[in-house]
Amino acid sequence: MDWGTILSNAAGELFSPVTAAYALAAIGLSVHFGYSGLLNFGQAGFMAIGAYAFAIPVLSFGWPTGLAFLAAIVASIVFAFILGIPTLRLRADYLAIVTIAAAEIVRYVVSTVGLTDVTGGSQGLNGYNRDFYSLNPFPDGRYGFGPWTYSANEFWVVIVGWTLVIIATVLVFLLMRSPWGRVVKGIREDEDAVRSLGKNVYSYKMQALILGGVMGALAGVIFILPRSLQPANYGTALTFFVWTALLLGGAATLLGPIVGAMIFWVVLSLTGGIINGLRDIGALSFITDGQAGQIRFIIVGLVLMIIVVFRPQGIFGNKKELSFSV
Amino acid sequence: MSDTAVAPTHPLVDGIVEPGCKKVDPIVVADGVTRQFGGLTAVDVQHVEIPRGAITALIGPNGAGKTTFFNLLTGFDKPNTGSWSFEGRDLARVPAFKVARSGMVRTFQLTKSLGRLSVLQNMLLGARKQPGENIFRALVPGTWRGRERDITERAEQLLARFKLDAKKDDYAASLSGGQRKLLEMARALMSEPTLVMLDEPMAGVNPALTQSLLGHIKDLKNEGMSVLFVEHDMHMVRHISDWVIVMAEGRIVAEGPPETVMSDQAVIDAYLGAHHDTDLGDMTRAEAERVHADAAREDGPDGEERP
């Protein structure tokens, strides 16, 4: 087994664009679930909306990248309104059911044959990132060191992706220490109590849903920038991977979603590397190629179970805060 | 059904004391308020006025519609028919948060302290006119720091008054049941209300805290606020209320000062039975009726009645 390559690949995942995308989506989920108590099981839907709202204007109408980013934001706001208007007046569980269904509806709609001209059907889309790469200020060459060496274009995606993660984190930091954050955290605890204190709970829940949804949509854009857009990627599994990253790190924490996403991808890469290494030396010859890929996710599931049982507040969470079952 | 032959009067009342009587200075006036759940009429109030600057108790057997009426007034439930005004402003079908902003603030029967916020954060949430509660202004601390200082000062004063100041940095979930009741009342006061609505303020409070809670409710009146509370504890009702409104089967069946209402035959018949010194809060209407029927026969079966 080539441990050097395995560890190097795993370390490379720390700052990869995919990790940035997961971190951003998990921050959005943290705004929803961790701070506001909104059970959003459709973050993959927000990511899909962001990805398609970015890719389609570029490919079909030749919009510049900046405008396409804006389109992704606007589309996710509209999506949040569509989800929120009927459900945010109801109990939290209704939002969970509606979001999980809405995310699936989005995935099925974009994969329909009838829309192949626009969405690429089940084949998805590609080529929308040419304009984005043309904006790359870094000249050709290699950037970084060790496992974190990138081509100019990869480096550009990494910089943009992590810049968005940092902006989102600062935004959450500023909001959650403000009176606005106090209101949404109050809503998480008991919305009737907050209502009785003269706050428009419905409006705050909508704002939180939009804020986290926009972060999910931008995560969707970062996710597709270095690769092609595949509708199959936006199933419920994606939502639960983002949840895993969030719960690993700790739901209502600033750094939790970021570190959670890093751990998620490092563990995934490490286990994949080790299993393939063992197969190469013949130790796991009974496992097929396809099974090897799936075992990684089984291990991720086990890690999540262990964390939830032994450290339910996540890595950064406050044990005391969680120990009160409200 | 009144005991006295002479029509009774009272300083709070404009005219004769009777169910639905006019008050000299009402803060809430309700007309024709009904609320049905399926075929059941939970609330059917023809006319009622809540006096200003007084402590009014809303009593009645379980299922009388007290809490439902409370929820209607505070916007937590929508009526089938009816209208009411608060300080002359029409408040029927106005959402709960707007009702609270207009100065009518309520507490809940089961305390709703926000467990994973600190006691101080709970208090600050009660304050009105904090510009930092707007998502955009929240990003510019300069726009809300000043107000935050003011309301923190007020919160600390209130916490000191309610003897919760030592707990201000603790999570509200770590408080005892009685302390949570105090916190909820203190939090309601942060908004500087004109009418405080307390839903069973004594429920779940240990006897040691009862006296201080009663004192705090009296203080509200001394500071010029009006109080309306739902309560089962007859001692408390007798002790602190200036006015008592009795509901049964959704209607207002009697009204008056506590000493008169307690001896009103209509109330005793409908509600108190022969046991008005026992814990009536737990007595259902069916039980009350049975007790009453037993009392009327004067030779009811022994051992089945509540002690």
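All of these numbers come straight from a predicted model, not from anything done at the bench.

Trainee: Residues and numbers for the overall build of chain B, please.
Mentor: When you go through chain B residue by residue, the secondary structure sums to 10 helices and 10 strands. Here chain B holds 307 residues, and 45% of them are scored as buried. In chain B, the proportion of contacts linking residues at least 24 apart, taken out of those at least 6 apart, comes to 65%.

Trainee: Give a detailed account of the overall build of chain A, specifying residues and quantitative values.
Mentor: Across its full length, chain A holds 15 helices and 2 strands. Computed over the C-alpha atoms, the radius of gyration of chain A is 20 Å, within 12% of the 20 Å expected from 2.2 N^0.38 for a compact globule of 326 residues. Along the longest, intermediate and shortest principal axes, the C-alpha atoms of chain A span 65 × 50 × 40 Å. Burial statistics for chain A: of 326 residues in total, 49% are counted as buried. Once local pairs closer than 6 in sequence are excluded, the contacts in chain A between residues at least 24 apart make up 75%.

Trainee: Quick rundown of the interface of chain B and chain A? Include the residues and the values.
Mentor: Across the boundary between the two partners, chain B contributes 29 residues, which contact 25 residues of chain A. When the residues that make up the side of chain B that touches chain A are grouped by side-chain class, the tally is 14 nonpolar, 7 polar and 8 charged.

Trainee: Quick rundown of the nonpolar core? Include the residues and the values.
Mentor: If you look at the biggest cluster of nonpolar residues, it comprises 179 residues, and the most contacted ones within it are A:Y22, A:L24, A:M47, A:F54 and A:A72. Here the element with the most residues in this core is helix 11 (residues 201-224) of chain A; it accounts for 15 residues. Built from parts of two domains, this core gets at least three residues from each of domain 1 (1-104 + 191-258) and domain 2 (114-174) of chain B. Sequence-distant contacts of A:F54, that is, excluding residues within four places in its chain, are made with A:A68, A:F69, A:A71, A:A72, A:Y128 and A:V221.

Trainee: Break down unusual backbone geometry for me, with residues and values.
Mentor: Residues other than glycine predominantly adopt negative phi, and peptide bonds predominantly adopt the trans conformation. Residues and elements named next belong to chain B. In the Ramachandran plot, E87 falls in the positive-phi region, its phi being about 50 degrees despite a non-glycine side chain. Relative to the assigned elements, E87 resides in the loop between strand 4 (81-86) and strand 5 (89-90). Here the phi dihedral of R93 falls at roughly 65 degrees; this positive angle occurs in a residue that is not glycine. Among the secondary structure elements, R93 is positioned in the loop between strand 5 and helix 2 (96-101).

Trainee: Tell me what's going on with the confidence of the model for chain B, and back it up with residues and numbers.
Mentor: Residue and element names in this part refer to chain B. Chain-level pLDDT for chain B is 85 on average; 85% of the residues reach the 70-or-more range. Low confidence marks residues 298-307, where pLDDT is under 50. Its contacts with residues over four positions away, or in another chain, come to 8 contacts. At the level of chain-chain contacts, confidence expressed as ipTM amounts to 0.86, with global pTM at 0.88.

Trainee: I'd like a rundown of the sheet that holds strand 6 (residues 104-106) of chain B, residues and numbers included.
Mentor: Residues and elements named next belong to chain B. Here we have 6 strands laid out as an open sheet, ordered 6-7-8-3-9-10, and mixed in their pairing. A single partner strand is all that each edge strand has here, and the edge strands are strand 6 and strand 10 (251-256). Strand-to-strand twist in this sheet, taken as the mean axis angle between neighbours without regard to direction, amounts to 20 degrees. Two elements, strand 3 (residues 55-59) and strand 8 (residues 226-230), share 4 bridges in a ladder whose sense is parallel. Across the sheet, residue A57 finds its bridge partner in strand 8, namely F229. In the packing of helix 6 (residues 207-222) onto the sheet, the strands contacted are strand 3, strand 7 (195-199) and strand 8, and the crossing angle to strand 8 comes to about 145 degrees.

Trainee: So, the pairing of strand 8 of chain B: which residues are in play, and what are the values?
Mentor: Residues and elements named next belong to chain B. Most of strand 8 is tucked away, with 5 of its 5 residues classed as buried. In strand 8, alternate side chains face the same way, and those of S226, L228 and V230 on one face and V227 and F229 on the other are all buried. Across 5 bridges, the pairing between strand 7 and strand 8 is parallel. The partner of L198 across the bridge, within strand 8, is F229. On the question of chirality, the crossover connecting strand 7 to the parallel strand 8 by way of helix 6 is right-handed.

Trainee: Please provide a residue-by-residue account of the sheet that holds strand 2 (residues 40-51) of chain B, values included.
Mentor: Residues and elements named next belong to chain B. Here we have 4 strands laid out as an open sheet, ordered 2-1-4-5, and antiparallel in their pairing. Each edge of the open sheet carries a strand with a single partner, namely strand 2 and strand 5. By the bridge criterion, 5 bridges tie strand 1 (residues 26-37) to strand 4 in an arrangement that is antiparallel. Bridge assignment links D31 to a residue of strand 4, and that residue is S83. The strands touched by helix 1 (residues 66-73) within the sheet are strand 1, strand 2 and strand 4, with strand 2 carrying the most contacts at an inclination of about 65 degrees.

Trainee: So what's going on with the packing of helix 1 (residues 3-13) of chain A against helix 13 (residues 256-280) of chain A? Residues and values would help.
Mentor: Residues and elements named next belong to chain A. For the pair helix 1 and helix 13, the least separation of the axes is 8 Å and the interaxial angle reads 160 degrees. Judged on the interaxial angle alone, helix 13 and helix 1 are roughly antiparallel. For the crossing formed where helix 1 meets helix 13, the hand is right-handed. Across the interface between the two elements, I6, N9, A10 and E13 of helix 1 pack against W265, V266, S269, L270, G273, I274 and G277 of helix 13. The residue makeup of the contact of helix 1 with helix 13, split by class, is 6 nonpolar, 4 polar and 1 charged.

Trainee: Report on helix 3 (residues 119-126) of chain B, specifying residues and quantitative values.
Mentor: Within an α-helix, residues lying three or four positions from one another point in the same direction, as the helix has 3.6 residues per turn. Burial analysis of helix 3 of chain B places 7 of its 8 residues in the buried class, the great majority of the element. Looking at the packing, one finds that the buried side of helix 3 of chain B touches helix 9 (179-189) and helix 10 (191-196) of chain A together with helix 4 (145-161) and helix 5 (177-189) of chain B.

About the thresholds
Residues numbered from 1 in each chain as written. Chains lettered and ligands numbered in written order. Predicted model: local features only at pLDDT ≥ 70, side-chain atom pairs only at ≥ 80, totals over all residues. Helix = DSSP H or I, 4+ residues; strand = E, 2+ residues; numbered from the N terminus. Buried ≥ 20, exposed ≤ 12 C-beta atoms within 10 Å, placed from the backbone. Contact = placed C-beta atoms within 7 Å. Rg over C-alpha atoms; globule rule 2.2 N^0.38 Å. Nonpolar A, V, L, I, M, F, W, Y, C, P; charged D, E, K, R; others polar. Core = buried A, V, L, I, M, F, W, Y, C linked by C-beta atoms within 7 Å. Domains from an automatic or database assignment. pLDDT = per-residue confidence, 0-100. Pairing = 2+ DSSP bridges. Axes fitted to C-alpha atoms, helices over the stretch in contact; angles between N-to-C directions. Right-handed = clockwise from strand over helix to strand, strands pointing away. Parallel < 35°, antiparallel > 145°, perpendicular 65-115°, else oblique. Left-handed = near helix turned anticlockwise from the far one by under 90°.

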